[in-house]
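Structural description and commentary
Here is what each chain is made of, one letter per residue.
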Amino acid sequence: MYNSKAYSAAGATAPLAHTQIKRRDPTEHDVQIEILFCGICHSDLHSVRNEWNSVMPTVYPIVPGHEIVGRVTKVGLAVKKFKAGDLAGVGCLVDSDRTCPNCREGLEQFCPSMTMTYNSPDKHLGGATYGGYSDSVVVDEHFVLRVPANLSLAGVAPLLCAGITTYSPLRHWGITNGKKVGVVGLGGLGHMAVKIAHALDAHVVVFTTSPSKKADARRLGADEVVISRNADEMQKHAGSFDFILDAVAAEHDINAYINLLRRDGNLTLVGAPAQPFAVAGFGLIFGRRSLSGSLIGGITETQEMLDFCSAHNITSDVEVIPIQKVNEAYARLLKSDVKYRFSIDMASLKSE
Ligand SMILES: [Zn+2]
Ligand SMILES: [Zn+2]
């Protein structure tokens, strides 16, 4: 074991603060990574504040962070994919059983015994896994991604969660050239969905409540922007969408969007409001429309997403911050006051 610098929270109301944690020495299949950037995902904030207590209670102290980009410093004897000096990425998963039907199909994110990057039981050291708000991490090579050298690393970090969360459903639902795609909510997830759907040559329509976001949506790649409060504007698109990605975590009327789907169209949720939706059955029945959800993506698909982003020069729009500003960043995240993701420059941790 060795010591690693990190930022952790001691309880649901405690701020994140500097600490030292233990990391395992790399075993034969492990890759040790010096973390250069880590994105701030809304899940980090939910977990730190124990807001998902009923589904996955937080174990304290927690070190969040699952949008990790860094450089390999050491590899185990059996590691084939990486060598010291390579760029590397780690997303939401660091292990799974590798034997269940989901793992066999490369869908590790649905493995009943997956190990998440933070706040999961740590099979090696006991206690909980610690995430990327740290200067170093050790991960089995199967769960480490190759990071393309042509992209800005600060902007690559959020691809490991926000990128794959939007890429996976777009691919699953067959979005290609000429399909009409709606994106509801222009935040960390939504802005990635717009960039990726645009790069897939879809006709992209952004739904937003704020007219002030129109210009930015177009800059990101939207072909049209609809103000969702305007019923006439919404009605013009009735029955026309192949696919709508709903990235809004606040309560909203989902039926208004289901009615915009064409026959066999699908609406996929990647944002999860706390209260259950009231879904009108007729909206689904007329038109054989479907409503579904999606969770990040498997390791193979995450690599495919990174390679796709490399080929299309796609990164997340980030505001880079030193780790000392992380509590301030959380407060701003609650007000959606960021375009569109915070990325922590982990060099700032060296001075602690
Ligand atoms: Zn995330
Ligand atoms: Zn499995």
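Nothing here was measured: the structure is a model prediction, and the numbers come from that model.

Here is what the cut-offs are and how they apply
Residues numbered from 1 in each chain as written. Chains lettered and ligands numbered in written order. Predicted model: local features only at pLDDT ≥ 70, side-chain atom pairs only at ≥ 80, totals over all residues. Heavy atoms only, no water. Axes fitted to C-alpha atoms, helices over the stretch in contact; angles between N-to-C directions. Helix = DSSP H or I, 4+ residues; strand = E, 2+ residues; numbered from the N terminus. Parallel < 35°, antiparallel > 145°, perpendicular 65-115°, else oblique. Left-handed = near helix turned anticlockwise from the far one by under 90°. Contact = heavy atoms within 4.5 Å. Nonpolar A, V, L, I, M, F, W, Y, C, P; charged D, E, K, R; others polar. Donors = N, O, S within 2.8 Å, 3.2 Å for Na, K, Ca; no water. Tetrahedral: all angles 85-135°; square planar, octahedral: opposite > 155°, others 65-115°. Core = buried A, V, L, I, M, F, W, Y, C linked by side-chain atoms within 4.5 Å. Buried < 20%, exposed > 50% of the residue type's maximum accessible area, 1.4 Å probe, protein only. Phe/Tyr/Trp six-rings, centres within 6.5 Å; stacked < 30°, edge-to-face > 60°. Salt bridge = Lys/Arg side-chain N within 4 Å of Asp/Glu carboxyl O. Pairing = 2+ DSSP bridges. Right-handed = clockwise from strand over helix to strand, strands pointing away.

**Topic: the packing of helix α4 (residues 162-172) against helix α5 (residues 188-199)**
- Two elements in contact, α4 and α5, have axes separated by 8 Å at closest approach and are oriented at 50 degrees. Here α4 lies oblique to α5, going by the angle between them. Between α4 and α5 lies a crossing whose hand is right-handed. Here Ala162, Gly163, Thr165, Thr166, Tyr167 and Leu170 of α4 come into contact with α5, specifically with Gly188, Leu189, Met192, Ala193, Ile196 and Ala197.
- When its residues are assigned to classes, the contact of α4 with α5 shows 8 nonpolar, 4 polar and no charged.

**Considerations on the coordination of the zinc ion (ligand 2)**
- Donor atoms from the polypeptide that bind the zinc ion (ligand 2) are Asp97 (OD), Cys100 (SG), Cys103 (SG) and Cys111 (SG), placed at 2.0 to 2.3 Å.
- Taken together, the 4 donor atoms surrounding the zinc ion (ligand 2) define angles of 99 to 118 degrees at the centre, an arrangement classified as tetrahedral.

**Remarks on the nonpolar core**
- Grouped together as the largest cluster of nonpolar side chains are 89 residues, with contacts concentrated most on Ile40 and Tyr133.
- Of the residues forming this core, the biggest block, 7 residues, is contributed by α5.
- Judged by nonpolar contacts, the second largest core, of 15 residues, contains Val184, Ile244, Leu260 and Leu261.

**Considering the packing of aromatic side chains**
- Using the criterion set out here, one finds 4 aromatic pairs in the structure.
- Here the aromatic rings of Tyr167 and Phe308 are separated by 5.5 Å at their centres, their planes lie at 50 degrees, and the arrangement is tilted. Within this pair, whereas Tyr167 is found in helix α4, its partner Phe308 is found in helix α10 (residues 299-311), the two being separated by 141 residues in sequence.
- For Tyr167, a relative accessible area of 2% gives the class buried.
- A residue is classified by how much of its surface remains accessible, and Phe308, at 14% relative accessible area, is buried.
- Measuring from centroid to centroid gives 5.5 Å for Phe207 and Phe241, while their planes differ by 50 degrees, and the two rings are tilted.

**Section: the pattern of salt bridges**
- One pass over the full model with this rule turns up 16 salt bridges.
- Two residues, Asp86 and Lys83, come together in a salt bridge whose shortest N-O distance is 3.0 Å.
- Overall, Asp86 belongs to the buried group, its relative accessible area being 18%.

**Details of the packing of α4 against α10**
- Close contact between α4 and α10 brings their axes to 10 Å; oriented N to C, the two are set at 100 degrees. Classified by the interaxial angle, the pair formed by α4 and α10 is roughly perpendicular. Along the contact surface, α4 presents Gly163, Ile164, Tyr167, Ser168 and Arg171, while α10 presents Glu301, Thr302, Glu304, Met305 and Phe308.
- The residue makeup of the contact of α4 with α10, split by class, is 4 nonpolar, 3 polar and 3 charged.

**Structural notes on the sheet that holds strand β14 (residues 261-269)**
- Within the open sheet, the 6 strands sit side by side as β12-β11-β10-β13-β14-β15. Their pairing is parallel. Lying at the two open borders of the sheet, with one neighbouring strand each, are β12 (224-227) and β15 (290-293). Ignoring strand direction, the axes of neighbouring strands in this sheet form an average angle of 20 degrees.
- As defined by bridge partners, strand β13 (residues 241-246) adjoins β14 across 5 bridges and the pair is classed as parallel. Along β14, the bridge assignment pairs Phe241 with Leu261.
- Sheet strands touched by α4: β10 (180-184), β13 and β14. Its angle to β13, the strand with the most contacts, is close to 160 degrees.

**Notes on the pairing of β10**
- A large share of β10 lies buried, amounting to 5 of its 5 residues.
- Covered by surrounding structure in β10 are Lys180, Gly182 and Val184 together with Val181 and Val183, the residues of both alternating faces.
- Where β10 meets strand β11 (residues 203-208), 5 bridges bridge the pair, whose relative direction is parallel. Residue pairing for β11: Val181 is matched across the bridge by Val204.
- With respect to chirality, the unit in which β10 leads through α5 into the neighbouring parallel β11 is right-handed.
- Relative to β13, β10 runs parallel, the two being bridged by 4 bridges. In the strand pairing of β13, Val183 is matched with Leu245.

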